[in-house]
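What follows is each chain in one-letter form.
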Amino acid sequence: MREQARRLIIRPAEGSDEDAVRAFFGSLSMDSRWKRYHNATPRVMPWMVDAVVRPDHVTHESLIAIVDGRIVGIAEWGRISPDEPTVDMAIVVAEDCRRHGIARALIRRLAGGARARGIEEFSGSILSVNRASIALLRSVAPVMTTHLDGRTVEFSAPLSA
Ligand SMILES: CC(C)(COP(=O)(O)OP(=O)(O)OC[C@H]1O[C@@H](n2cnc3c(N)ncnc32)[C@H](O)[C@@H]1OP(=O)(O)O)[C@@H](O)C(=O)NCCC(=O)NCCS
């Protein structure tokens, strides 16, 4: 675990990462894609890849995590209008790389960049059966507020914390 953490690189995605990002999404199980997108995504859609490799950095941002040259995680935030202080955040990590702190590292970097742009809060929704994500958010955002809304948990976490 410690060795993997040392080899972890986190950086913005570029256009040249397009094939690798598509391959990463393609390698995920249906369950992981369901938990990430709350949607049946039997195949990788172009918009999923575009959002990661061509973010406008104003209404959408993304970061990729790389271990040994392979993409192992992607975190993104998005908002409808450029001046909204709250953005929706979502993340997914390769199944064979979980519990090595990759999501935590991605969220911290994503939050640092968002804060520097004046963004005040991450929000989002998690399937209420998705215990791993709820535990992850509680570990990185202790002052997070949650609200159970049917099959999802809506969360908001101030970046000042
Ligand atoms: C949720 C997810 C991103 C976590 O990624 P990860 O890299 O394994 O998470 P980390 O290793 O950084 O975990 C950080 C903390 O989160 C909590 N956590 C993560 N996975 C957990 C699990 N399966 N069970 C319980 N707690 C968990 C723990 O507190 C963990 O700290 P610890 O390992 O020191 O105990 C990953 O399971 C995933 O991609 N799931 C599918 C997609 C998804 O659910 N996305 C979120 C909705 S947008």
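For the structure, see preceding data.
The sections below set out a description of the structure shown in this document. Computed from a prediction, not measured in an experiment: that's the story for all the values here.

Across its full length, the protein carries six helices and seven strands. Here the C-alpha atoms of the protein give a radius of gyration of 15 Å, agreeing with the 15 Å that 2.2 N^0.38 yields for 161 residues. Across its three principal axes, the protein shows a C-alpha extent of roughly 35 × 35 × 30 Å. Taking all 161 residues of the protein together, 29% fall into the buried category. For the protein, the proportion of contacts with a sequence separation of at least 24, taken over those separated by at least 6, is 61%.

A few words on the sheet that holds strand E3 (residues 70-78). Sheet architecture is open: seven strands sit in the order E1-E2-E3-E4-E5-E7-E6, paired in mixed fashion. Taken across any chain shown, the strands that pair with only one partner, and hence form the sheet edges, are strand E1 (8-11) and strand E6 (145-149). Shown here is a sheet whose adjacent strand axes are inclined to one another by a mean of 25°, direction ignored. Here E3 pairs with strand E4 (residues 86-93) via six bridges, running antiparallel. By the bridge assignment, Gly-78 is partnered in E4 with Asp-88. Of the strands in this sheet, E1, strand E2 (60-67), E3, E4 and strand E5 (121-127) are in contact with helix H5 (residues 102-116), which crosses E3 at around 40°.

Here we take up the packing of H5 against helix H6 (residues 131-140). As a packed pair, H5 and H6 sit with axes 10 Å apart at the nearest point and diverge in direction by 50°. With respect to H6, the element H5 is oriented oblique. With respect to the hand of their crossing, H5 and H6 are arranged in right-handed fashion. Listed contacts from H6 to Ala-103, Arg-104, Ile-107 and Arg-108 of H5 are Leu-136, Ser-139 and Val-140. Among the residues making up the contact of H5 with H6, the classes are represented as four nonpolar, one polar and two charged.

Now for the environment of Ser-123. By the secondary structure assignment, Ser-123 is in strand E5. Counting along the chain gives 35 residues from Ser-123 to Pro-158, while the straight-line C-alpha distance between them is 8.6 Å. Contacts of Ser-123, omitting those with residues within four sequence positions, involve Thr-86, Asp-88, Phe-155 and Ser-156.

Turning our attention to the packing of helix H2 (residues 18-27) against helix H4 (residues 46-53). The geometry of H2 relative to H4 is characterised by a closest axis approach of 9 Å and an angle of 130° between their N-to-C directions. In terms of orientation, H2 and H4 fall into the oblique class. Handedness of the H2/H4 crossing: right-handed. Contacts between H2 and H4 involve Glu-18, Val-21, Arg-22 and Phe-25 from the former and Met-48, Val-49, Val-52 and Val-53 from the latter.

Counting buried positions along E3 yields seven of nine residues, so the element is predominantly enclosed. With antiparallel pairing between neighbouring strands as the criterion, E2 and E3 make up a hairpin whose turn holds two residues, including Asp-68 at a positive phi of roughly 50°.

What counts, and at which threshold
Residue numbers run consecutively from 1 along every chain, following the written order of its sequence. Given that the model is predicted, a residue must reach a pLDDT of at least 70 before its local features are reported, and side-chain atom pairs must reach 80 or more before they are shown or counted; all residues, however, enter totals for whole chains, interfaces and linings. For helices the rule is a DSSP run of H or I covering at least 4 residues; for strands it is a run of E covering at least 2, with both sets numbered from the N terminus onward. Every radius of gyration here is taken over C-alpha atoms, with the globule rule written as 2.2 Å times N^0.38, N being the number of residues. Each residue is classed by its C-beta neighbour count within 10 Å, where at least 20 other C-beta atoms makes it buried, 12 or fewer makes it exposed, and intermediate counts make it partly exposed; the C-beta atoms are placed from backbone geometry. We call two residues in contact whenever the C-beta atoms placed from their backbones are within 7 Å. Only strands joined by at least two bridges in the DSSP assignment are considered to pair. Working convention: axes come from line fits to C-alpha atoms, limited for helices to the stretch in contact. Angles between N-to-C directions cover 0 to 180 degrees. Any angle that falls under 35 degrees is termed roughly parallel, while one over 145 is termed roughly antiparallel, one within 65 to 115 roughly perpendicular, and all others oblique. Whether a crossing is left-handed or right-handed is set by the direction in which the near helix is turned from the far one by less than a right angle, anticlockwise for left-handed and clockwise for right-handed. The classification used treats Ala, Val, Leu, Ile, Met, Phe, Trp, Tyr, Cys and Pro as nonpolar, Asp, Glu, Lys and Arg as charged, and all other residues, Gly among them, as polar.

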